Amino acid sequence: MPDATFKIFRGDRDGGELYEYKVPIAPGMVVLDALHYIQAHDAPDLAVRWNCKAGKCGSCSAEVNGRPRLTCKTRLDALPLDQPITVQPMKSFPVLKDLVTDVSWNYRVNKKIPPFTPRPNVEWKMDQREVDRVQEFRKCIECFLCQNVCHVLRDHEKQEQFGGPRFFVRIAGLEMHPLDGLSRTELLKEELGIGLCNITKCCTEVCPEDIHITDNAIIPLKERVVDDFYDPVRWFLRKLSGKKH
Amino acid sequence: MTEKYEIHEHDVLIIGAGGAGLRAAIEALAEGASVGVVCKSLLGKAHTVMAEGGIAAAMANVDASDDWRTHFRDTMRGGKFLNNWRMAQLHAQEAPERVRELEQWGALFDRTADGNILQRAFGGHTFKRLCHVGDRTGLEMIRTLQDRGVHLGIDVYMECAITRLLKDGERVAGAFGYWRENGRFVVFRAKSVVIATGGIGKAWRITSNSWEYTGDGMALAFDAGAELMDMEFVQFHPTGMVWPPGVQGILVTEAVRGEGGVLRNKDGERFMERYDPERMDLSTRDVVARAIYTEAKEGRGTEHGGAYLDISHKPPEYVKKKLPSMYHQFRELADVDITKGPMEVGPTCHYMMGGIRVDAETAQANVPGMFAAGEAAAGLHGANRLGGNSLSDLLVFGRRAGQAAAEHAKQTETPKLDDAQVEEATREMLEPFERRDGDSPYDVHRDLQETMQNYVGIFRREEDLKQGLAEIQGLKDRAGRVHVDGSRLFNPGWHLARDLKSLLTVSEAVALSALERQESRGAHSRIDFPQYDEKWSKLNNIISRDGDGMRLRHAPIAEMPSDLCVILEKKK
Ligand SMILES: Cc1cc2nc3c(=O)[nH]c(=O)nc-3n(C[C@H](O)[C@H](O)[C@H](O)COP(=O)(O)OP(=O)(O)OC[C@H]3O[C@@H](n4cnc5c(N)ncnc54)[C@H](O)[C@@H]3O)c2cc1C
Ligand code: SF4
Ligand code: SF4
Ligand code: FES
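Note that this is a predicted model, so its numbers are computed, not measured.

Quick look at the site of ligand 1
Residues and elements named next belong to chain B. Looking at ligand 1, there are 40 residues lining it, with Thr48, Glu212, Tyr213, Asp216 and Glu375 nearest. Glu52 is positioned with one of its backbone polar atoms (N or O) 3.2 Å from a nitrogen atom of ligand 1. Taking Leu391, its main chain carries an N or O atom lying 2.8 Å from an oxygen atom of ligand 1. Coverage of ligand 1 by the protein chains reaches 98% of its 1000 Å² of free accessible surface. Ranked by residues supplied to the shell around ligand 1, first place goes to helix 11 (residues 389-410) with 4 residues.

Digging into the sheet that holds strand 13 (residues 307-310) of chain B
Strand-to-strand pairing in sheets goes through backbone hydrogen bonds, with the strands running parallel or antiparallel. All names here are of chain B. Reading across the sheet, the 4 strands line up as 11-14-13-12 and stay open at both edges, with antiparallel pairing between neighbours. Two strands lie at the open edges of the sheet, namely strand 11 (234-241) and strand 12 (262-264), each paired on one side alone. Between one strand and the next, the sheet's axes are offset by a mean angle of 45°, whatever the strand orientation. Sheet analysis places strand 11 next to strand 14 (residues 343-352), joined by 6 bridges and oriented antiparallel. Residue pairing in the sheet places Met241 in a bridge with Val345 of strand 14. Those strands touched by helix 8 (residues 285-297) are strand 11, strand 12, strand 13 and strand 14, and its axis lies near 55° from that of strand 11.

Examining the layout of surface pockets
Approximately 1400 Å³ is the volume attributed to the largest pocket. Lining the largest pocket are 49 residues, with His36(A), Trp50(A), Lys53(A), Lys202(B) and Gln449(B) sitting closest to its centre. Listed by contribution, the elements that provide at least two residues to the lining of the largest pocket are helix 1 (31-41) of chain A together with helix 13 (441-455) and helix 15 (492-516) of chain B. Looking at the lining of the largest pocket residue by residue, the class counts come to 19 nonpolar, 17 polar and 13 charged.

Notes on the interface of chain B and chain A
Counting residues at the interface gives 59 residues for chain B, matched by 54 residues for chain A. The largest per-residue losses of area from chain B upon contact with chain A belong to Lys45(B), Leu108(B) and Phe490(B), which jointly make up 14% of the total buried on that side. Counting across the interface, chain B meets chain A through 8 salt bridges. Run the count over chain B and chain A and you get 33 residue pairs in polar contact (both at pLDDT 80 or more). Counting only elements with at least two residues in the side of chain B that touches chain A, the list comes to helix 3 (85-104), helix 4 (137-152), helix 10 (324-334) and helix 15 of chain B. The element best represented in the side of chain B that touches chain A is helix 4 of chain B, accounting for 8 residues.

Analysis parameters
Residues numbered from 1 in each chain as written. Chains lettered and ligands numbered in written order. Predicted model: local features only at pLDDT ≥ 70, side-chain atom pairs only at ≥ 80, totals over all residues. Heavy atoms only, no water. Near = heavy atom within 4 Å. Polar contact = N/O pair within 3.5 Å; in protein donor to acceptor, adjacent residues only side chain to side chain. Areas by Shrake-Rupley, 256 points an atom, 1.4 Å probe, with all protein chains shown as cover. Helix = DSSP H or I, 4+ residues; strand = E, 2+ residues; numbered from the N terminus. Pairing = 2+ DSSP bridges. Axes fitted to C-alpha atoms, helices over the stretch in contact; angles between N-to-C directions. Contact = heavy atoms within 4.5 Å. 1 Å grid on protein atoms, 1.4 Å probe; cavity = no way out; pocket = protein on both sides within 12 Å on 5 of 7 lines; lining within 4 Å. Points joined across faces, edges and corners; volume = space filled by probe spheres on them. Nonpolar A, V, L, I, M, F, W, Y, C, P; charged D, E, K, R; others polar. Buried area = accessible area lost by both parts, 1.4 Å probe. Salt bridge = Lys/Arg side-chain N within 4 Å of Asp/Glu carboxyl O.

Shown next, in the form of structure tokens:
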């Protein structure tokens, strides 16, 4: 088998550049295999995150030929091999080293979200159809690729005002949980800035778990925010009860 | 002191943020302790996230006849009666409550028609017992626990690796480690330390385990004076992927067989008929793994040396609904559509039954202040673990460890830190940068994996094990002389240089225990001793530190009380 040529970003907070490596191609090889090959043969200190190597943990995100991907699921035979394959870190997060970025901002956003809070005296029975809808959101592996492509974060850098698609997905999972009794619309509107999302659907396109982030999570949440804050009757009821409809 | 180091103080320090560590953290916090959790990867990426098939708990939602006694009996039978029976009892009794708790914290399991948690069949379980979410149960579990823990206020130290346990006299005083991001050292002072670091699969070439599974917790505990037990019992899961080469070893969940998948050899024969006609494809993992290995060895294997596993007789929509990640895994990584044709599968190193020896009720090791739970601890599974019994183990004994660790912290003074130990730990970490020659850690790791794969694998015999032990000694020398390139910033080569030390400790313990046990039982198969030996049915192998070496002794298993004996004797 011939070699593939890789151009990989090497560097840290202070900058860096693309370095070229050659890797012998094996059948079925994925980009992460190539990165491991490079570690073992040419660059033992090449910084890469990974765990499962099977698309289940969301650790190995990077931009391959400019496209945000899980490197463990990006097959070499699906890439043009007559030219070098570039591998760069996710652009929306600060580089720590090589392909490893500082994603700690996501964990800080997550902390703001009130957890599942069952309604008082619920009976722990649920219908599979109701559960199906929420299970879609709970498939999220926190690869943060959706956060990486969202222009509100990537181009406008509104990290302080905007939670990002990943956390709209998480909140959708809580709000639509059949037994949850809390409303998170105020958080969505005020702190997580859901209004800044203009439904470009870029997040949905990159989600490796095929979660319909925009249609199934963001749009219904936006509707709830509208109902709660702009419908005068709902607004009044919410003031009275502090609960969700 | 060579450099100033950062110190954090907690009542309870938990090493590991998988299911066991997080469940321990939640419980210790509920007991009023201040809790720190350290993990090598980002939060939410521990092995627990990869678990697929389900959590075993006798909830009796699907098969009304199930109860803890049957679960207890299945676990003991699966473990060939080498299990710590008290652990097996507590596990079977408490698992249903632990699962309900998860649900109350927000986990969403698949449902039965009447709205309860759905349960599926799995190997060695008499009844449909595995609570599940499609084939991503571990993800549901770890998200639920991590969200709960973070909300309650645990401090999480992510991407921080512990390299040494610190002691104050006989007791544990905390731990020493480094931040992966910048290579700076950090010290934790704690009254209790819970080890929940998972398993050791990275010692083998073909494995379902990630880079994290280097046996750190077991090796650190061993260094600090703890006993390791049952180290010969390494589970080879019968169904890992075998093709293409890059995915070799990646797990194919047993849920495929639980949902009706069947195994065939290249002649189309359902060969399990010859190995276990009663339980067939849902026999225990040790039996199925040996069967597939034997079929391939005797020339009836598939093109790439495995067996066929076929679920394509089920409706495609059903397969995609119940096994979505298997569907995607094979489509994307192997160009196989599992709704249309068979998968190729073969054994892969998967789970460590052995580990740190602990007390059943409190999960305490023989070192004061040290606790262990989850895959890092030994006892519950005996000679072979049943599928689904690990996730429930994490919950039951994670909780018990957290509770006992908090209790212990209440009753003890803050330990003293010893600068000399910290300096020694620092020196050990910095040495590899100073060497100019010596092997690359990657080369030593590759050679260790070959050694374990070839000499300490599914089938074992005396000369192989001796050869393996000799090679491990040679590898120890090489590992002591590796050199690393680059800086201390996120440097995987440097990290591997340290991980090798843990890998070699646990590998030696496995080979030594395997050589000692001259019989075949559960996951331990000796070609030269193919039968059960009555003498060995009442003994555990225990390994402890002896100067710079390893000492092995036998410990008799305690007599089982008569009420449990009665349960075991029942037919079904
Ligand atoms: C692919 C796969 C599928 C599985 N499916 C199932 C299933 O369906 N049902 C079932 O019951 N079991 C299953 N298992 C087994 C089960 O998932 C594991 O045994 C279990 O998750 C282990 O949990 P744990 O909490 O002990 O450790 P882990 O979840 O592995 O967590 C270990 C933690 O320790 C940390 N750590 C390790 N070393 C250090 C160190 N030196 N310093 C700091 N932190 C450290 C790691 O970072 C990690 O956070 C499966 C396993 C695999 C690999
Ligand atoms: S749809 Fe909204 S959240 Fe998604 S990428 Fe576009 S702006 Fe961002
Ligand atoms: S929603 Fe999808 S893209 Fe976003 S973090 Fe989760 S899995 Fe990744
Ligand atoms: S390594 Fe887990 S998703 Fe790629």
